[in-house]
Amino acid sequence: MDIIEAKNIWKNYKIPHEKRNTLFEILYGLLDTKMGYETFTALKDINFTVKKGEWLGVIGHNGSGKSTLLKVIANTIRPTKGKITVNGKITSFLELGVGFQPDLTAKENIKIYGAIMGLSDTEIDDRIDGILEFGGLTRFKDTKIKNFSSGMIVRLAFSTAVQIEPEILLLDEVLAVGDLDFQKKCFEVFDRYREMDKTVVYVSHDLGTVQRFCDKVLLLNHGEQIGIGSPEEMISLYKSIA
Amino acid sequence: MIKNLWKYRHLVKRLAVSDFKVRYKNSVLGFFWSLLEPLLMLLVLYIVFADIFPSTQENYHLFLLLGIALWDFFAKGTSMGLQGILSKPGMVRQVYIPREILIFSSSLTALMMAVLELGVFGIFMAISGLMPTSTIIYLPLIFMTIFIIVFGSSLALGALNTYYRDVQYIWAVILQAGFFASGVFIDFSTYQGDLKRLLLLNPMARILLISRDCVLYNKVVSSWDLTFCLASSLVILLIGYFIFSKLEPGFAEEV
């Protein structure tokens, strides 16, 4: 069964020459006809499917559309053209976070995240200690997130995302910020997910882990789908277009 | 939309409660600040209208305080809803939740604050030796109507403010005007003819009028007035939802 199906996905961004964020600027802009915007195509006709239990790796240079693709799958941004179908509940780890609010403590944020994932209060309470321990943040459970270092936020976000039993997990560059110890923990989780038949879309520049965990790999270049296939094949193709 | 709100009810509750806490956590006097503001407003208006321009209204301080409490519900509710999307960028960009939840929970926070203010009003009423009569049963219905108005307006305002950041300044001016146009300190029922009809086209003005009638003056609310208020709140909700769903797909790119 296809858990994720992407059909002819296009995404255009408008890049205004001058960003207009207020009504006043828009009224002013009507008088000034010189200003306009360019269209930037971040994704061009992307097609793929992901089956249950499959790991899809997405690789490509910076600006190739990897993160945009993940956001489209997560439904936070909508494609300009094309259709994406997702069967199951998505846990997303985008832009190194899961939607934490800086003014709330670690504990409160975990509770809100649990509620987003549809967990009841008791289910969340059961997991809070595990989440904090996994991220090595038990001491800081009542600290506001805004006082966390960036590494701590990412660790907390990642442990929250993986400890609340996701069905489909979207991961964008998780390993980029953790230390060796944390990376080791991540790999243990990844191994467990492979056994548990979780569906994962994994974006990374770390070709070693892509090779190790992914069943198939999607290679993007400037928004175009260069190919989709076995990790070995795509990684060597990626190196050849470098 | 209702299906989504029910599906995410745990989240709605959490968000509403945590917003409520955050609002008061950072100040020493906590809840009392939020109550002090309407009371100071009461004091100013009372001095002006009881001493300088004497009002003939019976129990004018209660008349004022009820008006202030209900107007505050609307004004604070919509001001919070206006920031509902922008104030939680993470929940828009990093995870997907139906975004109307953010607006709904902010309206719910406003409702909790309004209930608190109503409590203060109740204390004042008791001190003044005025007991509510059976006509007070209309009050929950009136509260629900204001809640629908707040939610509907917030859907539109929150969405528009995400795209055009000066909507918040424009809305602040509209609220100022609305304070005068809704009869917070004036009794519109003493007006006559076309002027009265015109003023009462504003649902908030009518709501303030009927709530005073039923809470303070033991008058039964006419079904025409109730229908008018409820119908206009539903129209606001529909328009708000329409604007919101048109703008919602681009939120993550604009926040």
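Computed from a predicted structure; not experimentally measured.

*Asks:* I keep staring at the overall build of chain A and nothing clicks. Help me out?
*Replies:* In terms of regular secondary structure, chain A is built from 8 helices and 9 strands. Its C-alpha atoms give chain A a radius of gyration of 20 Å, near enough to 18 Å, the size a compact globule of 242 residues would have. When its C-alpha atoms are laid out on the principal axes, chain A stretches across 60 × 50 × 30 Å. Looking at chain A residue by residue over its 242 residues, the buried ones come to 39%. Taking as baseline every contact in chain A between residues at least 6 positions apart, the subset at least 24 positions apart corresponds to 72%.

*Asks:* It is not clear to me how the overall build of chain B should be interpreted in this structure. Could you clarify?
*Replies:* A count of helices and strands for chain B gives 12 helices and 0 strands. Against the globule reference of 18 Å for 255 residues, chain B gives a C-alpha radius of gyration of 19 Å, in line with a compact fold. By its C-alpha atoms, chain B is 55 × 45 × 35 Å across when sized along the principal axes. The proportion of buried residues among the 255 residues of chain B is 40%.

*Asks:* Quick question: what am I supposed to make of the confidence of the model for chain A here?
*Replies:* Interpreting fine coordinate detail is not advised for predicted regions of low pLDDT. On average, residues of chain A score 89 in pLDDT, and 96% of them reach the 70 mark or higher. When pLDDT is averaged over each element of chain A, strand β3 (residues 55–60) of chain A comes out on top at 96 and helix α1 (residues 23–31) of chain A at the bottom at 74.

*Asks:* Looking at this structure, I do not really get unusual backbone geometry. What am I missing?
*Replies:* Note on backbone geometry: most residues besides glycine have negative phi, and most peptide bonds are trans. Residues and elements named next belong to chain A. Positioned with a positive phi, N75 is a non-glycine residue whose angle comes to about 75°. Tracing the chain through its elements places N75 in the loop between α2 (66–74) and β4 (81–86). Classification of N75 as partly exposed rests on a count of 17 C-beta atoms within 10 Å. Phi at E95 is positive, roughly 50°, even though this residue is not glycine. Checked against the element boundaries, E95 lands in the loop between β5 (90–93) and α3 (106–116).

*Asks:* Just to check I follow, could you spell out helix α10 (residues 203–215) of chain B for this structure?
*Replies:* Residues separated by three or four positions in an α-helix point in the same direction, a consequence of the helix having 3.6 residues per turn. Residue and element names in this part refer to chain B. Across its 13 residues, α10 extends 18 Å between first and last C-alpha, which sits within 8% of the 18 Å expected from 1.5 Å per residue. Across the 13 residues of α10, 12 count as buried, placing the element largely inside the fold. Those residues of α10 not exposed but buried are P203, M204, A205, R206, I207, L208, L209, I210, S211, R212, C214 and V215. Summarising the contacts, the buried residues of α10 are in contact with α4 (60–82), α7 (138–163), α8 (167–181), α9 (193–199) and α11 (223–247).

*Asks:* Could you clarify how one ought to interpret the pairing of β5 of chain A in this entry?
*Replies:* Consecutive residues of a regular strand have side chains that alternate between opposite faces of the sheet. Residues and elements named next belong to chain A. A two-sided burial pattern is seen for β5, the buried positions comprising I90 and S92 on one face and T91 and F93 on the other. Summarising the sheet, β5 and strand β6 (residues 168–172) pair through 4 bridges and their orientation is parallel. Looking across to β6, one finds that T91 is bridged to L169.

*Asks:* Explain the nonpolar core here, please?
*Replies:* Nonpolar side chains in soluble globular proteins generally cluster together in the buried interior. Ranked by size, the top nonpolar core spans 128 residues in total, and within it F93, A157, L170, V201 and Y202 of chain A together with L11 and L66 of chain B carry the most contacts. For L66 of chain B, the residues in contact, after removing those within four places along its chain, are F121, S211, R212, V215 and L216 of chain B.

*Asks:* How should helix α4 (residues 121–134) of chain A be read in this particular structure?
*Replies:* Residues and elements named next belong to chain A. Relative to the 20 Å expected for 14 residues at 1.5 Å per residue, α4 spans 20 Å between its end C-alpha atoms, a close match to the ideal helical length. A maximum bend of about 35° is found in α4 at R127. Along α4, the residues classified as buried are I124, I131, L132 and F134. Residues of α4 that are buried in the fold lie against α3, α5 (150–163) and α6 (180–195). Of the residues trailing α4, G136 is marked for its positive phi of about 65°.

*Asks:* What exactly am I supposed to notice about the interface of chain A and chain B here?
*Replies:* Of the residues lining the interface, 27 residues belong to chain A; the matching set on chain B comes to 21 residues. The set of elements that each furnish at least two residues to the side of chain A that touches chain B consists of α1, α2, β5 and α3 of chain A. Considering every element that reaches the side of chain A that touches chain B, the biggest residue donor is α3 of chain A, with 5 residues. Along the lines of polarity and charge, the residues of the side of chain A that touches chain B split into 12 nonpolar, 9 polar and 6 charged.

*Asks:* When you look at the environment of S64 of chain A in this model, what are you seeing that I'm missing?
*Replies:* All names here are of chain A. Structurally, S64 can be placed in the loop between β3 and α2. Classification of S64 by C-beta neighbours within 10 Å gives buried; the count is 21. Counting along the chain gives 21 residues from S64 to L43, while the straight-line C-alpha distance between them is 8.1 Å. Beyond its immediate stretch of four places on either side in the chain, S64 contacts L220, N221, H222 and G223.

*Asks:* Looking at this structure, how should I read the environment of V220 of chain B?
*Replies:* The topology assignment puts V220 of chain B in the loop between α10 and α11. Note: C-alpha distance between V220 of chain B and I210 of chain B (10 residues apart in sequence) is 8.7 Å.

*Asks:* What's the story with the packing of α4 of chain B against α7 of chain B in this structure? I'm lost.
*Replies:* To describe two helices that pack against each other, one gives the angle between their axes and the distance between the axes. Residue and element names in this part refer to chain B. Packing of α4 against α7 leaves a shortest axis separation of 7 Å and a crossing angle of 30°. Here α4 is positioned roughly parallel relative to α7, judged by the angle of their axes. Seen from above, α4 lies across α7 with right-handed handedness. Where α4 abuts α7, its residues L70, F73, F74, G77, T78, G81 and L82 lie against I146, I149, V150, S153, S154, L157, G158 and N161. Looking at side-chain class alone, the contact of α4 with α7 contains 8 nonpolar, 7 polar and no charged residues.

*Asks:* Explain the packing of α10 of chain B against α11 of chain B here, please?
*Replies:* All names here are of chain B. Where α10 contacts α11, the two axes come as close as 10 Å, and the packing angle between them is 140°. The angle between α10 and α11 falls in the class oblique. As for the relative orientation of α10 and α11, their crossing is left-handed in sense. Residues P203, R206, I207 and I210 of α10 lie in contact with α11, whose contacting residues are D225, F228, C229, S232 and S233. For the contact of α10 with α11, the residue count by class is 5 nonpolar, 2 polar and 2 charged.

Calculation notes
Residues numbered from 1 in each chain as written. Chains lettered and ligands numbered in written order. Predicted model: local features only at pLDDT ≥ 70, side-chain atom pairs only at ≥ 80, totals over all residues. Helix = DSSP H or I, 4+ residues; strand = E, 2+ residues; numbered from the N terminus. Rg over C-alpha atoms; globule rule 2.2 N^0.38 Å. Buried ≥ 20, exposed ≤ 12 C-beta atoms within 10 Å, placed from the backbone. Contact = placed C-beta atoms within 7 Å. pLDDT = per-residue confidence, 0-100. Expected span 1.5 Å × (residues − 1). Pairing = 2+ DSSP bridges. Core = buried A, V, L, I, M, F, W, Y, C linked by C-beta atoms within 7 Å. Bend = angle between axes of the 7 residues up to and from the residue. Nonpolar A, V, L, I, M, F, W, Y, C, P; charged D, E, K, R; others polar. Axes fitted to C-alpha atoms, helices over the stretch in contact; angles between N-to-C directions. Parallel < 35°, antiparallel > 145°, perpendicular 65-115°, else oblique. Left-handed = near helix turned anticlockwise from the far one by under 90°.

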